[in-house]
Number of protein chains: 2
Amino acid sequence: MNPKQSGRRRFLKGGPLLAAGLAVGSIPVLSGRSQTPEDEPPQRSSKSRNSYGERSRFENFSQRRLGGHLSRDYGFRNPMQDQLGIITPVPLHFILDHDRSLEGLPNDPPDLDPKTHRLLIHGMVDRPLTLSLDDLKRLPSVTRFHFLECNANGNPTGPNGEPRRAVTATAQDTHGLTSCSLWTGVPLPLLLEKAGVQKSATWIEAEGAESEHHTKSIPMQKVMDDCLVVYGQNGEAVRPEQGYPMRLFVPGYEGINNVKWLRRIKIVDEPYMGMLETTVYPSLRVDGKSRWFQFEMGPKSVITRPSGGQQLAGAGFYEISGLAWSGGGKVRRVEVSTDSGKTWKDAQLQDPIASKSHTRFVFPWEWNGQETSILSRCTDERNMVQPTKEEFANLFKISVDYFVTGANQINHFNAIQPWKIGSGGSVTNPLFV
Amino acid sequence: MNPKQSGRRRFLKGGPLLAAGLAVGSIPVLSGRSQTPEDEPPQRSSKSRNSYGERSRFENFSQRRLGGHLSRDYGFRNPMQDQLGIITPVPLHFILDHDRSLEGLPNDPPDLDPKTHRLLIHGMVDRPLTLSLDDLKRLPSVTRFHFLECNANGNPTGPNGEPRRAVTATAQDTHGLTSCSLWTGVPLPLLLEKAGVQKSATWIEAEGAESEHHTKSIPMQKVMDDCLVVYGQNGEAVRPEQGYPMRLFVPGYEGINNVKWLRRIKIVDEPYMGMLETTVYPSLRVDGKSRWFQFEMGPKSVITRPSGGQQLAGAGFYEISGLAWSGGGKVRRVEVSTDSGKTWKDAQLQDPIASKSHTRFVFPWEWNGQETSILSRCTDERNMVQPTKEEFANLFKISVDYFVTGANQINHFNAIQPWKIGSGGSVTNPLFV
């Protein structure tokens, strides 16, 4: 018997256990240990284990402040270029809070105690409800992949658009106001059924518990389709910056609808016209009227690897990998071009492909070392296709110059993102050059 | 115009934008703000935002030391009772490292720099390979849901089994040596193809970079079926305790096969007979021989809510929710009994249902306030059924008393877990009473 075994013989001695399986009556000689590339034993990490784990000190990618003139303590972009698969690690989920930032105040999340926090459902209902987190957790729950996205994600105009327009932009700069999680919660229709919603109700007003009480109107049709009150994110409680202990979730709609720190849902028959419905979010039309209540995010995609700021090591094989999503449902197809848009081929979509969720696509690429651009184009299950920058400008009857010189914020910007590969392997953003 | 709007008029003024959608030519009067359950504005969290987010201070569930005589700095159990959906938050993933602990030494993970770490693939190959993390990330990648589980998870015997046998046991105590993640990496067959594996090769030896160089043998058939070298976990880099910067992943097999800090794969034609293959992991049979190389984890399930240590608030509706998994493939069916095992009904399995992955099941339950036990039973896609404690004992030709009095470790213990609901709403573990 090998001497290494003796120390643990008490686990083996005299046991009555019998099991089917491979039985070995004698022990072969241990084979020798071979030489390895680094035979110096590595140092142990100096940090002792605690009861809540930490990243490697070599992994330092992080959220990034918004840049432009909104570089106050206002929000963070998700470092998408470093994300793997389709879920965003919760500590790196993008953050954007409007109300308080508009006053120039610091934007720490409210410190809500789940034992005392309550959700009130009232208005045009037969039986107003007051629900604690424990009450919610007793009810039928669902867990779903869904992305969140700010309607200004990718906005190139004005000083806010600076980081996105830069030649040096990363995927975090160009697309970092979206993230994707596995959300757990209770279908909102179930709560409204318990409350007895009256037939003439057509909207809900949802209100947060932060001191500014951000309030948003959602049409009843969308509520009854797929809205949720969520308390879980990627297996754990929703993080404070994401609405702890509960938030409204409105799949595929502009982020601002997904009211955090949810404390009140009023059932009504007209929209509330809250601050962020009457400012910032409407867009002026050329006829002088406003476009109001544009909710749904369009089809979009971005190659995350290789992407802006990365460096290719030289000609050879590279897997192109990226994320695609649409507020209109599932991603049906992603095409990739590696010759600056001349030809396109289907990328492979990786499971799971969920509705209103980030979807991972991959595409094999043998780089010949020559300068080129790589691009991706998303088509969703309703056959909505992600436009080029020129097609997007045509839709809005503006010149492409407006993306650089324009004063007004362009929301829902979902143009195809090219990444330019230099002959030396540099990766840059040529979209606004 | 409402005065609240004026501050942001610059976003709206004089824009040329035109879009289809709901157009509103005049602005309705703001509706009044209603009374809410708590009109005192909550305190802001005192902690400023940093670039890597943190949990709410009210969320303090954590990993737990193993208990029994293995309560050294040896590993942690996953608090499954608080987990939502099917992925385990990476900071709460269970941890179990053997080699160093067996010497009574502290078990901090090695501090590996991904710029210098290399994976060597050698032995019975035509072209030995040395791969950096960057090399791996250029190759075709997959992202898959998979559980990991220690073969001793749920082991009730001996001093190690104390926490699991206790009437006060939680799901963390009874089942916390399993976790589930979305793993991202490169299929190992692709790497072996690059290296040119010779036809007579039948096993691999995988070796870690920690100072003890844990080494494990895997049959080539399994390697070519679905093994991976993974560098991503739940969207981010694998954590140090889970093998940063890369680990072997062997879906559905005992956790010990999934070599962390992977630095070497040697292609061979016989098993290595490493320390943990020749001690601890074999089980003695009644004929005096050992059962060796038992790899696959059987079908198992546990109700996580309500579960041990929780408290029901009184009679009424409760969703029963739990996790099921099998090393044999997908979970096909989970049945739940709410009358101490007399009758069983199918639970609903929630998407996604992935192979060799935790799967969430839910079951609606109206509790009448009387004492009872609730149980769950898993059937996998090969129609393997989770046994009762008595059926498990029969399989191993032991008395059920052995679970309490026996001296030998019982591995692969996958008996049905009952939770006893007291008439006062207490939830306890009656399995070994």
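Just so it is clear, the model here is predicted, and its values are computed rather than measured. (Residues numbered from 1 in each chain as written. Chains lettered and ligands numbered in written order. Predicted model: local features only at pLDDT ≥ 70, side-chain atom pairs only at ≥ 80, totals over all residues.)

A. Molecular detail of the overall build of chain A. Helix and strand counts for chain A come out as 9 helices and 25 strands. Scored against the burial criterion, the 433 residues of chain A give a buried share of 51%. Considering only contacts in chain A between residues 6 or more positions apart, those separated by 24 or more positions represent 72%. (Helix = DSSP H or I, 4+ residues; strand = E, 2+ residues; numbered from the N terminus. Buried ≥ 20, exposed ≤ 12 C-beta atoms within 10 Å, placed from the backbone. Contact = placed C-beta atoms within 7 Å.)

B. Examining the confidence of the model for chain A more closely. Residue and element names in this part refer to chain A. In this model, chain A carries an average pLDDT of 84, and 79% of its residues clear a pLDDT of 70 or more. Note on residues 44-50: pLDDT is under 50 here. Beyond four places in sequence and across chains, it has 11 contacts. Scored as a whole, the predicted complex attains pTM 0.87, and scored at its interfaces, ipTM 0.86. (pLDDT = per-residue confidence, 0-100.)

C. The arrangement of the sheet that holds strand 18 (residues 316-325) of chain A in detail. All names here are of chain A. Strand order in the open sheet made by the 4 strands is 17-18-22-21, with antiparallel pairing throughout. A strand with exactly one partner marks an edge of an open sheet, and here the two such strands are strand 17 (300-305) and strand 21 (348-349). Relative to strand 18, strand 17 runs antiparallel, the two being bridged by 5 bridges. Counted as the bridge partner of Arg-305 is Ser-321 from strand 18. (Pairing = 2+ DSSP bridges.)

D. Representation of unusual backbone geometry in the model. Cis geometry marks the peptide bond from Tyr244(B) to Pro245(B), where omega comes out at 5 degrees. A cis amide bond links Arg305(B) with the next residue in sequence, Pro306(B), at an omega value of 0 degrees. Looking at the element boundaries, Pro306(B) is found in the loop between strand 17 (300-305) and strand 18 (316-325). Located in the positive-phi region is His213(A), a residue other than glycine, with phi close to 50 degrees. Note that His213(A) resides in the loop between strand 9 (203-208) and strand 10 (215-219). His213(A) sits in the partly exposed class, given 19 other C-beta atoms within 10 Å. One non-glycine residue with positive phi stands out, namely Asn383(B), at about 65 degrees. Note that Asn383(B) resides in the loop between strand 23 (372-380) and helix 9 (389-395).

E. Representation of the sheet that holds strand 14 (residues 262-268) of chain B in the model. All names here are of chain B. One open sheet accounts for 5 strands, arranged 6-5-14-9-10; its pairing is mixed. Strand pairing shows two members of the sheet lacking a second neighbour, strand 6 (129-131) and strand 10 (215-219), which therefore form its edges. Strand-to-strand twist across the sheet, computed as the mean angle between neighbouring axes with direction ignored, equals 20 degrees. Of the pairings in the sheet, the one linking strand 9 (residues 203-208) to strand 10 comprises 5 bridges and is antiparallel in character. The partner of Glu-207 across the bridge, within strand 10, is Thr-215. (Axes fitted to C-alpha atoms, helices over the stretch in contact; angles between N-to-C directions.)

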